[in-house]
Amino acid sequence: MDEFEWEDAPAAALSAALPVQLAGVRLDTALAKLFPQFSRNRLQVWLKSGHVLVDGRHPERSAKTIGGEKIELAVPPAADVAKPKAQRMALAIVFEDADLIVIDKPVGLIVHPGAGNPDGTLLNGLLAYAPALRNVPRAGIVHRLDKDTSGLLVVAKNLTAQARLAEQLAARTVKRGYLAVVHGDPPTRGTIDEPVGRDPRVRTRMAVIVGGRQARTIYKVLERFGKGALPGFALLECRLETGRTHQIRVHLQHIKCPIAGDAVYRRGAKPVEMRGVAFKRQALHAAELELIHPRSGKIMHWSAPLPADMKKLLANLRHGD
């Protein structure tokens, strides 16, 4: 279908083809991956109440997927109970058209309101910048970055774009590249394929655990630091094949190369290792983003330069400061 024939879906209807990668999973699990703009609990309620069709039929709640089915979701009115307020803020917009906004998120900006952070988030800023986003769940946000992680994040400006981006995320065709400064001396290249879930000892933290969700991170060393008295550090390029909460931070800590400045996942890095390399947040930046444009079908790619604090950190490391 060419771009002139393409139209937005009705405001209360979403549809998606189930990727073959999701074959064999429970339907509610597949729905959560296809429509991440809605909570899993909410999707389960809609499945139970008949708002979901699979190949034109109402499925059993316990149904398993086979791959390739057409999933239709009729979103009930007033799907979002909470009504966040619009708040004007400066947004570093890298790209914008009728369907997408790509933002270079600064350090310290929370993406979505939550407990203890009811406003002042990127979502609030998006509602002020583009009021029509109030008609799109979560103001078009389909993936997140941690508060103290900088870099690229894509926002969908309409329901169809949001659904198609969600399909790409589920099919793992969205490519995300990060730069991280870590403690230690990791191998030149590596793949960390370890399940990630809620840490049973500290519920506010994630961890590599048996029974966690599959998580896969590919990394390579771009530069090494640490001669003489300076402890070892390395600059890594990391690529996500899955998108679990805190995935890169957890995986790098798991191989005993925690991210510099990460107060949550710095276990294994002694305090002396930060001497002379002061850094007040995790040194992690979402530098590259690539996806298929939901309207044109073209491959789109964006990059974001390192923020000033990470540039300074690298300069200090290079000069042995």
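Residues numbered from 1 in each chain as written. Predicted model: local features only at pLDDT ≥ 70, side-chain atom pairs only at ≥ 80, totals over all residues. Heavy atoms only, no water.

**Q** Hey, could you go over the packing of helix α1 (residues 27-34) against helix α2 (residues 40-48) for me, with residue numbers and the actual values?
**A** Look at α1 against α2: their axes get within 9 Å of each other, and the N-to-C directions meet at 125 degrees. Taken together, α1 and α2 sit at an angle that is classed as oblique. Every pair of crossing elements has a handedness; the one defined by α1 and α2 is right-handed. Along its contact with α1, which presents L27, D28, T29, L31 and A32, the element α2 presents R40, L43, Q44 and L47. Taken together, the residues that form the contact of α1 with α2 break down as five nonpolar, two polar and two charged. (Axes fitted to C-alpha atoms, helices over the stretch in contact; angles between N-to-C directions. Helix = DSSP H or I, 4+ residues; strand = E, 2+ residues; numbered from the N terminus. Parallel < 35°, antiparallel > 145°, perpendicular 65-115°, else oblique. Left-handed = near helix turned anticlockwise from the far one by under 90°. Contact = heavy atoms within 4.5 Å. Nonpolar A, V, L, I, M, F, W, Y, C, P; charged D, E, K, R; others polar.)

**Q** Describe the nonpolar core, with residues and values.
**A** Membership of the largest hydrophobic core comes to 47 residues, with the highest contact counts inside it found for L126, L133, V181 and L252. Per-element accounting of this core gives the leading share, six residues, to strand β12 (residues 233-240). (Core = buried A, V, L, I, M, F, W, Y, C linked by side-chain atoms within 4.5 Å. Buried < 20%, exposed > 50% of the residue type's maximum accessible area, 1.4 Å probe, protein only.)

**Q** Please set out the side chain of T217 residue by residue, giving values where relevant.
**A** With respect to the element layout, T217 can be found in strand β11 (residues 216-225). A polar atom in the side chain of T217 sits 2.8 Å from the side chain of H251. (Polar contact = N/O pair within 3.5 Å; in protein donor to acceptor, adjacent residues only side chain to side chain.)

**Q** Requested: an account of the confidence of the model for the protein, with residues and values cited.
**A** For the protein, per-residue confidence averages 86 on the pLDDT scale, and residues scoring 70 or more make up 88% of the total. In the model, residues 1-11 has pLDDT below 50 throughout and makes 16 contacts with residues more than four positions away in sequence or in other chains. Across residues 270-275, where pLDDT falls below 50, the model places eight contacts with residues more than four positions away in sequence or in other chains. (pLDDT = per-residue confidence, 0-100.)

**Q** Lay out the sheet that holds strand β3 (residues 70-74) in plain terms, naming residues and giving numbers.
**A** Pairing is antiparallel across the open sheet formed by three strands, whose spatial order is β1-β3-β2. Sheet topology places β1 (13-17) and β2 (52-54) at the edges, where each strand pairs with a single neighbour. Between one strand axis and the next, the sheet turns by 15 degrees as a mean value, whatever way the strands run. For β1 and β3, the ladder comprises five bridges, and the chain directions are antiparallel. Residue pairing for β3: A13 is matched across the bridge by A74. (Pairing = 2+ DSSP bridges.)

**Q** Kindly report on unusual backbone geometry, identifying the contributing residues and their values.
**A** Even without a glycine there, the phi angle at R172 is positive, about 65 degrees. What makes R172 partly exposed here is its relative accessible area of 41%. Although it is not a glycine, H246 adopts a positive phi angle of roughly 60 degrees. The exposure class assigned to H246 is buried, which follows from its relative accessible area of 19%.

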